[in-house]
Amino acid sequence: MTILVTGATGSVGRHVIGELLRAGEDVRALTRRPESAGLPAGVRVLAGDLERTETVREALAGVEKLFLFPVPEAAQEVVDLAVEAGVRRIVVLSSAAVTAGWDTDFHLPVERAVEASGVEWTHVRPGEFAVNSLHMWGPSVRARRTVVDPYPDSAGTPVHEWDIADVVAAALVEDRHTGIAYTLSGPQEVTNREKVAAIAEAIGEEIRIETVTAAEARAFYHAQGGWAAANADFLFGYEDYSGAELGPGAEWEPGAASGPGAGSDSVAGSGPDGSGESGHEGDEGNKAQEEQAEPGATPGAVTADTVIGRPARPYTAWARDHAADFR
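Cut-offs and rules
- Residues numbered from 1 in each chain as written.
- Predicted model: local features only at pLDDT ≥ 70, side-chain atom pairs only at ≥ 80, totals over all residues.
- Heavy atoms only, no water.
- Axes fitted to C-alpha atoms, helices over the stretch in contact; angles between N-to-C directions.
- Helix = DSSP H or I, 4+ residues; strand = E, 2+ residues; numbered from the N terminus.
- Parallel < 35°, antiparallel > 145°, perpendicular 65-115°, else oblique.
- Contact = heavy atoms within 4.5 Å.
- Nonpolar A, V, L, I, M, F, W, Y, C, P; charged D, E, K, R; others polar.
- Buried < 20%, exposed > 50% of the residue type's maximum accessible area, 1.4 Å probe, protein only.
- Pairing = 2+ DSSP bridges.
- Core = buried A, V, L, I, M, F, W, Y, C linked by side-chain atoms within 4.5 Å.
- Phe/Tyr/Trp six-rings, centres within 6.5 Å; stacked < 30°, edge-to-face > 60°.
- Salt bridge = Lys/Arg side-chain N within 4 Å of Asp/Glu carboxyl O.

## Focus on the packing of helix H6 (residues 132-144) against helix H9 (residues 214-224)
Line of reasoning, step 1. With their axes 11 Å apart at the nearest point, H6 and H9 run at an angle of 80° to one another. By the angle between their axes, H6 is roughly perpendicular relative to H9. Facing His135, Met136, Trp137, Pro139, Ser140 and Arg144 of H6, the residues of H9 in contact are Phe220, Tyr221 and Gln224.
Line of reasoning, step 2. Considered class by class, the residues forming the contact of H6 with H9 number 5 nonpolar, 3 polar and 1 charged.

As structure tokens, this is what we get:
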């Protein structure tokens, strides 16, 4: 059985590959830049781009299972090619924003294309990606041991990208996850202040929080560039999830996205191979449900332990795993 991983060089995709290889699976990886992918030995790395669907056909030959990174503009054509090639199961990297009703034009169309195809499917809908703390705060922590934030006591339930990858890998190799949309959260609620403290402990140095207004934070992160600039307007209440500008008195509450973790691998500014982590992910902050979901179900937010039977990684563990990235 051959499994194709798209978004192979993203923070989720490369860990999905590692899990599948450890499970003894035959794995292919699709990326725009195979020469710099840095993927483990044992995986066949192919050049391809989901936005250029003619490059995907060859990679799908002989594939039975597919991990699909979301590119809504190309989703229907990629799914059609997968069905034509004989793929029988697709696992989608989606978003908790679909569960929340925020996302109607990015991840949702990908989910619908897969469901309508008739193949077995599982949707993995992460909420708050812990790794976006690195994308948001990494530059200022490395430069001057400072985090700029207007909402230090805003809380979310960040999920480690390795937990997301573990759930994806399980859905690819185990039959019991078919027909389920997992809204995935981290194991505990954590404020931005507590996140900064965890990073400080991990690197062994004090990190100062500079509390500013939303407007000042927006300007700061626009100037910083990269992921932070692409997501600042959403994070600080200037636009909704779909990117529509919010005027005075709008219902969207600044800070509602739960700080820097409210983005993901999978939306604005990220490449179709998953190499640029960016975008918006809604963090529902619900408690994990202990019961196993029934096929065709959309359970409330669950943690990795509910799905794969191993304790979910807390934010403190994520901070230790990424300490070198903040130094």
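## Describing the pairing of strand E9 (residues 180-184)
Line of reasoning, step 1. When you tally the buried positions in E9, you get 5 out of 5 residues, the bulk of the element.
Line of reasoning, step 2. What you see with E9 is no split at all: Ile180, Tyr182 and Leu184 on one side and Ala181 and Thr183 on the other are buried throughout.
Line of reasoning, step 3. The sheet contact formed by strand E6 (residues 120-126) and E9 spans 5 bridges and is parallel. The residue bridging threonine 122 from the neighbouring strand is isoleucine 180, located in E9.

## Structural notes on the nonpolar core
Line of reasoning, step 1. Ranked by internal contacts, the top residues of the largest apolar core, which has 91 residues, are Val16, Phe67, Leu68, Ile90, Trp137, Ile164 and Tyr221.
Line of reasoning, step 2. Considering each element in turn, this core owes the most residues, 7 residues, to helix H7 (residues 161-173).
Line of reasoning, step 3. The residues contacting phenylalanine 67, other than those within four sequence positions of it, are Leu4, Val5, Thr6, Val12, Gly13, Val16, Val91, Val92, Leu93, Val168 and Leu172.

## Side note on unusual backbone geometry
Most peptide bonds are trans, and most residues other than glycine sit at a negative phi.
Line of reasoning, step 1. Non-glycine residue arginine 145 carries a positive phi angle of around 55°.
Line of reasoning, step 2. Structurally, arginine 145 can be placed in the loop between H6 and strand E7 (146-149).
Line of reasoning, step 3. A relative accessible area of 18% means that arginine 145 is categorised as buried.

## Topic: the packing of aromatic side chains
Line of reasoning, step 1. Considering all chains together, one arrives at 6 aromatic pairs under this definition.
Line of reasoning, step 2. Where tyrosine 315 meets tryptophan 318, the ring centres are 5.2 Å apart and the plane angle is 35°; that geometry is what we call tilted. Here tyrosine 315 and its partner tryptophan 318 are both found in helix H12 (residues 315-321), 3 residues apart, which amounts to about one turn of the helix.
Line of reasoning, step 3. Under the relative-accessibility criterion, tyrosine 315 is labelled buried at 3%.
Line of reasoning, step 4. Looking at tryptophan 318, the relative accessible area reads 0%, which means it is buried.
Line of reasoning, step 5. With 6.0 Å between their ring centres and 75° between their planes, tryptophan 318 and phenylalanine 326 make a pair best called edge-to-face. The two residues tryptophan 318 and phenylalanine 326 agree in class, both being buried.
Line of reasoning, step 6. Within the aromatic cluster, the residues linked to one another by ring pairs are Trp102, Phe234 and Tyr241.

## A short note on the pattern of salt bridges
Line of reasoning, step 1. Enumeration over the complete set of coordinates arrives at 19 salt bridges.
Line of reasoning, step 2. One salt bridge in this structure joins arginine 89 and aspartate 175, with 2.6 Å as the shortest N-O distance. Taken together, the positions of arginine 89 in strand E5 (residues 89-93) and aspartate 175 in the loop between H7 and E9 put the pair 86 residues apart, joining distant regions of the chain.
Line of reasoning, step 3. A relative accessible area of 58% means that aspartate 175 is categorised as exposed.
Line of reasoning, step 4. Each of Glu64, Arg88, Arg89, Glu120 and Asp175 takes part in one network of salt bridges that share partners.

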